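Single-letter residue listing:
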Amino acid sequence: MPLLFFVMVISLFPMALGVEPHLLARLAPAIIWVAVVLALLMSLDNVFKSDYQQGALEQFVLSPYPLSLLILGKSIAHWIAIGLPLLLLAPLFSVLLNLPFAGVGVLWVTLLLGIPTLSLIGSIGAALTVGLQQGGLLLAILVLPFMVPIVIFAASGVAAAGNGAPFYSELLLLAALLLLTLALGPVAISFALRVSIE
Amino acid sequence: MLQAEALGCWRDRREIFSKITFNLEPSSVIMVSGSNGSGKSTLLKILAGLQQATSGTLTWQGKPLKPLDPHYLKQLLYIGHKISIQPALTPLQNLHWLLAITPAMPHSNDALIEALHLMGLQGFEHTACERLSKGQCQRVALARLMLTSAQYWIVDEPFTALDDSGVAILKDCFLDHLDRGGRLILASHHPFETKAFQQTHVRLKNIC
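So, here's what we can say about the structure. (Residues numbered from 1 in each chain as written. Chains lettered and ligands numbered in written order. Predicted model: local features only at pLDDT ≥ 70, side-chain atom pairs only at ≥ 80, totals over all residues. Heavy atoms only, no water.)

### Let's talk about the overall build of chain A
Note the threshold: Numbering of helices and strands runs from the N terminus; a helix is a DSSP stretch of H or I covering at least four residues, while a strand is a stretch of E covering at least two. Only C-alpha atoms enter the radius of gyration; for comparison, a globular chain is expected to reach 2.2 Å times N to the power 0.38, where N is the number of residues. The criterion used for residue contact is that any of the two residues' heavy atoms lie within 4.5 Å. Surface accessibility in these figures is a Shrake-Rupley result with a 1.4 Å probe; residues are shielded only by whichever protein chains are displayed. Charge counting treats Lys and Arg as positive and Asp and Glu as negative, with His and both chain ends excluded. To locate a charge, take atom NZ for lysine, CZ for arginine, CG for aspartate or CD for glutamate.
A tally of helices and strands in chain A yields 8 helices and 0 strands. Radius of gyration (C-alpha) of chain A: 18 Å, near the 16 Å computed for a compact globule of 198 residues. Along the longest, intermediate and shortest principal axes, the C-alpha atoms of chain A span 55 × 30 × 25 Å. Across chain A, the fraction of contacts at a sequence separation of at least 24, relative to all contacts at a separation of at least 6, is 80%. Within the structure as shown, chain A displays about 9300 Å² of accessible surface, and the carbon and sulfur contribution to it stands at 77%. In chain A, 4 side chains carry a positive charge and 6 a negative one; their mean positions are 1 Å apart.

### Examining the overall build of chain B
Broken down by element type, chain B carries 6 helices and 9 strands. Against the 2.2 N^0.38 benchmark of 17 Å for 208 residues, chain B shows a C-alpha radius of gyration of 17 Å, consistent with a compact globule. Seen along its three principal axes, the alpha-carbon backbone of chain B occupies a region of about 50 × 35 × 35 Å. Taking all contacts inside chain B whose residues are at least 6 apart in sequence as the whole, residues at least 24 apart take part in 68%. Element-wise, carbon and sulfur atoms account for 52% of the exposed surface of chain B, whose accessible area totals about 9700 Å². Counting 20 positive and 17 negative side-chain charges, chain B places the averaged centre of each group 9 Å from the other.

### Description of helix 2 (residues 21-44) of chain A
Residue pairs three or four apart in sequence face the same way in an α-helix, which turns once every 3.6 residues. Counted only if it meets this: The span one expects for a helix is its residue count, reduced by one, times 1.5 Å. A residue's bend is simply the angle between two axes: one fitted to the seven residues ending at it, one to the seven starting at it.
Taking 1.5 Å per residue as the helical rise, helix 2 of chain A with its 24 residues ought to reach 34 Å, and the 33 Å between its terminal C-alpha atoms agrees with that figure. Largest kink in helix 2 of chain A: about 50 degrees, centred on A:Leu27, with the proline A:Pro29 one to four residues after it.

### Some thoughts on the state of the cysteines
All names here are of chain B. Short version of the rule: In what follows, a disulfide is any cysteine sulfur pair within 2.5 Å. Residue burial is assigned from relative accessible area. The probe radius is 1.4 Å, only protein chains are included, and a residue is buried under 20% of its type maximum, exposed over 50%, and partly exposed in between.
Under the criterion given, the structure shown has 0 disulfides over all chains. With no disulfide of its own, Cys129 has Cys137 as its nearest cysteine by sulfur position, at a separation of 4.8 Å. A residue is classified by how much of its surface remains accessible, and Cys129, at 3% relative accessible area, is buried.

### What to know about the side chain of A:Thr129
All names here are of chain A. To keep it simple, the criterion reads: Each polar contact in these results corresponds to two N or O atoms within 3.5 Å; when the atoms are within protein, one needs to be able to donate a hydrogen and the other to accept it, and residues that are neighboring in sequence are counted only if both atoms are side-chain atoms.
Inspection of the secondary structure assignment puts Thr129 in the loop between helix 6 (101-128) and helix 7 (135-162). Judged by relative accessible area, which is 2%, Thr129 ranks as buried. Engagement of the side chain of Thr129 in a polar contact is seen with the backbone oxygen of Gly125, the distance being 3.0 Å.

### Structural notes on unusual backbone geometry
In terms of backbone geometry, most residues other than glycine have negative phi values and most peptide bonds are trans. Residues and elements named next belong to chain B. Although it is not a glycine, Ala6 adopts a positive phi angle of roughly 50 degrees. Relative to the helices and strands, Ala6 resides in strand 1 (residues 2-11). At Leu68, a residue that is not glycine, the phi angle is positive and equals roughly 55 degrees.

### Some points on the sheet that holds strand 5 (residues 63-64) of chain B
Residue and element names in this part refer to chain B. Cut-off, in case you're wondering: Between any two strands, at least two bridges found by DSSP are needed for them to pair.
On the basis of which strands lie adjacent, the open sheet formed by 4 strands has the order 2-1-4-5 and antiparallel pairing. Strands at the two margins of the open sheet, each flanked by one partner only, are strand 2 (14-24) and strand 5. Pairing of strand 1 with strand 2, which is carried by 7 bridges, proceeds in the antiparallel orientation. Its bridge partner lying in strand 2, Leu7 is registered against Ile20.

### Digging into the interface of chain A and chain B
We count it as follows: As a working definition, buried area equals the accessible area (1.4 Å probe) given up by two parts on being put together, with both sides summed. Between Lys or Arg on one side and Asp or Glu on the other, a salt bridge is scored when a side-chain nitrogen of the former is within 4 Å of a carboxyl oxygen of the latter. We call Asp, Glu, Lys and Arg charged. Ala, Val, Leu, Ile, Met, Phe, Trp, Tyr, Cys and Pro are nonpolar, and the rest, Gly among them, are polar.
With 18 residues of chain A at the contact, the number on the chain B side is 25 residues. Here chain A and chain B share an interface that buries about 1800 Å² over both sides, 60% of which is from carbon and sulfur atoms. Where chain A touches chain B, the interface holds 1 salt bridge. Between chain A and chain B we count 6 residue pairs in polar contact (both at pLDDT 80 or more) in total. Those elements that provide at least two residues to the side of chain A that touches chain B are helix 3 (49-54), helix 4 (56-61) and helix 8 (168-197) of chain A. The element contributing the most residues to the side of chain A that touches chain B is helix 4 of chain A, with 5 residues. Considering only residue class, the side of chain A that touches chain B consists of 9 nonpolar, 5 polar and 4 charged.

### Considering the sheet that holds strand 3 (residues 28-34) of chain B
All names here are of chain B. Condition: Lines fitted to the C-alpha atoms define the axes, with helices restricted to the stretch that makes contact. Angles between their N-to-C directions range from 0 to 180 degrees.
Taken in spatial order, the 5 strands of this open sheet run 6-7-8-3-9, and their pairing is parallel. Lying at the two open borders of the sheet, with one neighbouring strand each, are strand 6 (76-79) and strand 9 (198-204). On average, each strand axis in the sheet is tilted by 10 degrees relative to the strand beside it, whichever way the strands run. Two elements, strand 6 and strand 7 (residues 152-156), share 4 bridges in a ladder whose sense is parallel. Looking across to strand 7, one finds that Leu76 is bridged to Tyr152. Packed onto the sheet, helix 1 (residues 40-48) meets strand 3, strand 6, strand 7, strand 8 (183-187) and strand 9 and runs at close to 155 degrees relative to strand 7.

Right, here's the structure in full:
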């Protein structure tokens, strides 16, 4: 579902903007990244929801193994289900948006670094709102501000690459953010889940 | 040994229960009974460590029990009100993942199939749980009891949705566990009487 949504949002832009290849090329990094964020947000609402409703989260919490490692496993599963397909789809659809060829490779690297960061940040919000009936909108409002820096660095990196400007600093920043959330995210998520379960 | 001393719990400025005191020795049962809403599930969650008591202390092996102490969790099997069966997975897959994250005896795929057979689920091992009845799903959840290595069993209302033969299998399973020196905390409306083992009744009343 989130993948189909991603495809629809991306295809909407060329139709709405009309025949303006240059404008489209300039907007392409932003469009793709916003579509990625929206698709991820859609999927994140359900990361823990069914586990919560069926009681699997209680079993996770009561497992003698560290909860953060189990969570990391779940995050990897989420990446395989949502992140990896996005990673494969996005370069294809960047052609639709007339993104310069130099930008496509950099776009791919920013997605590789950025998607796991976004989904870990989002999972913290999902863990906090898992007990709420209509948590989806609240989740978006909670986590979107924290996703902003990643979107800024990623989109500006891709734009810079398209213009032939240097873009390494953006990629390094994204890599640093990924390592930071990879280290702290699962711990934060497990605390949030313990709170939600009580 | 698990000891509860004057446990009490408040929620929404209302006292759910208070002054719950008991000792849980090897080969003994704590039967928690009480009407709907009297706090049985809450008490069981507190004993499992999923919630904190508002008053009183829990002692385990002579020391105050820390919340979610991994040493305690290695001895604990909790089957709550939500039985934690994933509808999209088959009974066999459900058992596999549940045993992977909770204390379990070394087990092979055949042992899991045998446990499912003992629970009366022959022929359903590879059917997705969403296509099974509620009682069958309950049986899948309870098949864990046959493969766990945990000493402390906390089981919430296991007899609901089970038919007579299911109840009989489950009672045998409990008796085997007690016979091996295990301990059982059981919340149920269904009577479970054993002459052979020590049994403590905790009756919760609605305090309004």
